[in-house]
Amino acid sequence: MKITLNVWRQPASSAPGKLETYDLDGVSADMSFLEMFDMLNEKLTLEGKEPVAFAHDCREGICGSCAMMINGQAHGPWKGAATCQLHMRAFKDGDIITVEPWRASPFPIVKDLVVNRGAFDRIIQAGGYVSVNTGGARDANEILIGKDVVEEAMDAAACIGCGACVAACPNASAALFTGAKITHLGLLPQGQPERDKRALGMVEQMDLEGFGHCTLTGECQEACPKEISIDVIKRMNRDYLAASARRQEPRAVAGSG
Amino acid sequence: MLELNAKIPSGPLEQKWDQHKFSMKLVNPANKRKHHVIVVGAGLAGASAAATMAELGYQVSCFVYHDSPRRAHSIAAQGGINAAKNYQNDGDSVRRLFYDTIKGGDFRAREANVYRLAQVSVNIIDQCVAQGVPFAREYGGLLANRSFGGAQVSRTFYARGQTGQQLLIGAYQALERQIALKKVQMYTFEEMLDVVLVDGYARGIVSRNLLTGKISSHAADAVVLATGGYGNVFYLSTNAMYSNVTASWRAHKKGAAFANPCYTQIHPTCIPVHGEHQSKLTLMSESLRNDGRVWVPKARGDNRPPSQIPESERDYYLERKYPSFGNLAPRDISSRAAKEACDDGRGVGPGGLGVYLDFADAIKRLGKATIAERYGNLFDMYQRITDENPYEVPMRIYPAVHYTMGGLWVDYNLMSTIPGLHVAGEANFSDHGANRLGASALMQGLADGYFVLPYTIGDFLAGTKLAKVDNSHAEFRAAEEAIKAQTKQFLSIKGKRTVDSFHKELGKIMWEYCGMARDREGLTKAIGLIQSLKDEYRQNVNVPGSADSLNQALENAGRVADFIELGELMCRDALHREESCGGHFRTEYQDEGEAKRNDDEYAYVAAWEYAGEGKAPILNKEPLVYENVHLSTRSYK
């Protein structure tokens, strides 16, 4: 089939960008969306033009690298699929497809369709872990966790950190991403000792990074390739409120002063 | 010739690791922060090593070419991780996991390393659970297990079909914690392009920032490569697109021996190739074979839809040929059996390169809901890719390149032939021999990173007097200049072919002649073809763009250049090994289709030494000594 692509081209963060139009013939319905982009890039290279930079890696919908707004939708029209899992059979002959990068100020554009999602790592650094050093962990079966609980934790842990939730949100909120981690660890017994600290730290970091507030529009849940439920945001808000109420002034550390 | 001292501790197998840990030198806690270790890669091995060494007090720098350490390809492993916990009371033990792994590696792995792997496997599960990895559970709250290709006990721990992801997220979170504590300096979008030796010791790396193109030097007291496997040499594989051999290959050129490069694991359950533009092969978890039955039509060229082929006209070839293992036969056996059926003209689907993996019986027996609960996400993925509903028609699968067991040679301490250069996870050769079973790669990555390297690097640092070196040393300057020159060279060729077209051509040569079955004639031909390809690459590749910004074609140009050289070495290794073992199947050495090993002549690790541009590499041998297991012929009948 024939496809017309309007692709965002921007040489660097600081440079202005614009949409460029490319025609592509011989696209097969069995190709993935990224394979169609490979085809475009081969063509551009042979024409002496610079190929389009785009992020991708595993092409199995799990690494979270790929990120494209396709006709205004994060990861395109298929529900519960990352761009790499979207196949060209989602489109028809003669379609015009507009492809843009994630747009959110905490995700600065690097080049063309590639953005820098380092802000997500910094949110994790603010408490998205269980503080346990290697070695000496007790036997795994000594920690009992109900099947339903672990399944619910796993639903949240399935987040691939792609950033589609931010890109889809009218406020560029990172609440779904942050809520997913707070839910994953907050449901498990291992996550309890640091539950308050985690909620406070991660939510505050999210604000510091410049992500917007959540107004529960639900676009994030629609765009999420792992179909993470907006319920994780409710849980984040509850944990944050409870932690705020319990927040204490830092204790004097022995020996200080 | 290199001296290959594996440094296997003496004493009984069961006590080697404990005794070794006791005999290793310790670094005083106050001195640990004076030592700087560079870790390249942040997959299971790299992230776990970096986090653990930082916890111990070392200064750690960690480098990834991704935008975040969470994206390493370990994330894509689906099925599970083995551990000898015997939670299912089915007779598992450290000894049995050790034995299964040695046997699964077709007696081409080191006993001591494999035993240690089995020993620490139990600690890995404890560690991961403590981190909050949401492994599957039974209703009573205990951990669930399943059996996995090639094993007759249920020792595989899993987190849905996303086990690799969850284990990596666990290690990533431990790493992010150390970054927040300022114990790890994290470098993202930074690709290592060379290892730098001073006085014969690995003392740092040179890297390129992928966003700015800036080349920079980083000095350290020890370097760890945890940079994964090289399956992408075949172009089409289950590996992520960025996975490459560059770090290992450049270290090889600086003196690190490359061991058993021809050992490639072919995974039997991938979605078949559909067209010329395909960029990768998607793996369907091996766990599917627990309930799916593999078959092809009995008659050649039977093009009827599967539902119209009656039972009596189907060949359930794995169940027929290997009655005791059936559909759970090891990966190499299942893969070769699929190839044989297709070569015999009985393949199904477009091009005849596919076999059925049928769930009809399982759905009848267990109900659709149970199958959906077990494999739902895999079924959805299959449907998205193929546009067929596997609940209604059988899946079509075909083998694909999955994992490479070869890698940089390391001793028991995971140190390469370059002192101070340690290699972990898939990047080293150490634990899997000729044919890894399922669910062991994750185990090795985490064993190396959490439980082996943090000890052995301490021993290295405590026992070695290192001169003070910083990144202004002349060796760093020289390495930087060489990289800049190579970059300039790539950009100035301005030939007529894209980097990708060369990569595809290399992949076709490798799959055809160094794939599931190899022979002398084909391998000899492949070496010639690859040498010509290398010449053409140097004259006719077209790398657009510039060196001072994000340039994915330029990144790839260096990786493909290294793949071409590695491809030649793989063919040489496959050619010299005149036997069949595990995933290495030489058609001249077989016994009615079964691999025929030659223990008298080939029970060794082939460690290749780089001899210089255009010179034949030098073969060094590390004999494999079996004191605890009897070298038996594998039989899965």
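Residues numbered from 1 in each chain as written. Chains lettered and ligands numbered in written order. Predicted model: local features only at pLDDT ≥ 70, side-chain atom pairs only at ≥ 80, totals over all residues. Heavy atoms only, no water.

(A) Local environment of the overall build of chain B. Tallying secondary structure elements over chain B gives 17 helices and 23 strands in all. Relative to its length of 637 residues, chain B is compact, with a C-alpha radius of gyration of 24 Å against a globular reference of 26 Å. Taking the principal axes of the C-alpha coordinates as reference, chain B spans close to 75 × 60 × 50 Å. Out of the 637 residues in chain B, the part that is buried amounts to 67%. A total of about 21500 Å² of accessible surface is found on chain B, and carbon and sulfur atoms cover 49% of it. Taken as two groups, the 74 positive and 72 negative side-chain charges of chain B have centres that lie 3 Å from each other. (Helix = DSSP H or I, 4+ residues; strand = E, 2+ residues; numbered from the N terminus. Rg over C-alpha atoms; globule rule 2.2 N^0.38 Å. Buried < 20%, exposed > 50% of the residue type's maximum accessible area, 1.4 Å probe, protein only. Areas by Shrake-Rupley, 256 points an atom, 1.4 Å probe, with all protein chains shown as cover. Lys, Arg positive; Asp, Glu negative; His and termini not counted. Charge placed at Lys NZ, Arg CZ, Asp CG, Glu CD.)

(B) Structural detail: the overall build of chain A. Broken down by element type, chain A carries 8 helices and 7 strands. Seen through its principal axes, chain A has C-alpha atoms that stretch 70 × 45 × 40 Å. Buried residues in chain A amount to 60% of all 257 residues. Within chain A, contacts between residues separated by at least 24 positions form 67% of all contacts whose residues are at least 6 apart in sequence. Surface exposure of chain A reaches about 10300 Å², of which carbon and sulfur atoms provide 51%. Of the side-chain charges in chain A, 26 are positive and 33 negative, and the distance between the mean point of each set is 4 Å. (Contact = heavy atoms within 4.5 Å.)

(C) Region of interest: the sheet that holds strand β14 (residues 355-358) of chain B. All names here are of chain B. The strand order across the open sheet formed by 5 strands is β11-β15-β14-β12-β13, and the pairing between neighbours is antiparallel. Two strands in the sheet have a free side with no partner beyond their single neighbour: β11 (264-270) and β13 (314-315). Two strands pair when backbone bridges link them, and β11 and strand β15 (residues 395-404) are joined in this way by 5 bridges, in the antiparallel orientation. What sits directly across from His-267, in β15, is Ala-400. (Pairing = 2+ DSSP bridges.)

(D) Molecular detail of the sheet that holds strand β1 (residues 36-40) of chain B. Residues and elements named next belong to chain B. Spatially, 5 strands are ordered β5-β2-β1-β9-β17 in an open sheet, and the strand pairing comes out parallel. Looking at the sheet topology across the chains shown, the edges are occupied by β5 (184-187) and β17 (421-423). Direction aside, neighbouring strands of the sheet carry axes that sit 20° apart on average. Two strands pair when backbone bridges link them, and strand β2 (residues 59-63) and β5 are joined in this way by 4 bridges, in the parallel orientation. (Axes fitted to C-alpha atoms, helices over the stretch in contact; angles between N-to-C directions.)

(E) Unusual backbone geometry, seen in detail. Of note in the backbone geometry, Ala-172 of chain A takes a positive phi value of approximately 50° without being a glycine. Looking at the element boundaries, Ala-172 of chain A is found in the loop between α4 (164-168) and α5 (175-187). Even without glycine at this site, Lys-182 of chain B takes up a positive phi of about 65°. The residue Lys-182 of chain B is located in the loop between α6 (163-180) and β5 in this model.

(F) Here's a closer look at the pattern of salt bridges. Residue and element names in this part refer to chain B. Considering all chains together, one arrives at 70 salt bridges over all chains under this definition. Arg-203 is the salt-bridge partner of Asp-221, the closest N and O atoms lying 3.3 Å from each other. Taken as a pair, Asp-221 in the loop between β8 (215-219) and β9 (222-225) and Arg-203 in strand β7 (residues 201-209) lie far apart in primary sequence, 18 residues in all. Under the relative-accessibility criterion, Arg-203 is labelled buried at 3%. For the salt bridge of Arg-477 with Glu-480, the shortest nitrogen-to-oxygen distance reads 2.9 Å. Note that Arg-477 and Glu-480 are positioned in helix α13 (residues 474-493) at a spacing of 3 residues, about one turn of the helix. Here Arg-477 falls in the partly exposed class, since its relative accessible area comes to 35%. The exposure class of Glu-480 is buried, given its relative accessible area of 8%. Put simply, Asp-106, Arg-108, Arg-577, Glu-579, Arg-597 and Asp-599 are held in one network by salt bridges that share partners. (Salt bridge = Lys/Arg side-chain N within 4 Å of Asp/Glu carboxyl O.)

(G) The packing of aromatic side chains, seen in detail. Residue and element names in this part refer to chain B. All chains considered together, the criterion is met by 29 aromatic pairs over all chains. Relative to Phe-379, the ring of Tyr-375 lies with its centre 6.3 Å away and its plane at 15°, an arrangement referred to as stacked. Residue Tyr-375 and its partner Phe-379 are located together in helix α11 (residues 368-386), separated by 4 residues, close to a single helical turn. In this structure Tyr-375 comes out as buried when scored by relative accessible area, which is 3%. Geometrically, the ring pair formed by Phe-502 and Tyr-537 is edge-to-face, given 4.9 Å between the ring centres and 90° between the ring planes. Taken as a pair, Phe-502 in helix α14 (residues 499-514) and Tyr-537 in helix α15 (residues 520-540) lie far apart in primary sequence, 35 residues in all. Given the relative accessible area of 4%, Tyr-537 is considered buried. (Phe/Tyr/Trp six-rings, centres within 6.5 Å; stacked < 30°, edge-to-face > 60°.)

(H) Structural view of the interface of chain B and chain A. With 76 residues of chain B at the contact, the number on the chain A side is 73 residues. Carbon and sulfur atoms supply 51% of the area that chain B and chain A bury against each other, a total of about 6300 Å² over both sides. On the chain B side of the interface with chain A, the three residues burying the most area are Arg-71, Arg-137 and Arg-384 of chain B, jointly 12% of the side's total. Seen at the junction of chain B and chain A, the total is 7 salt bridges. Of all the secondary structure elements, the ones that give two or more residues to the side of chain B that touches chain A are α3 (44-56), α5 (111-131), α6, α11, α12 (441-463) and α14 of chain B. By residue number, the principal contributor to the side of chain B that touches chain A is α6 of chain B, which donates 9 residues. (Buried area = accessible area lost by both parts, 1.4 Å probe.)

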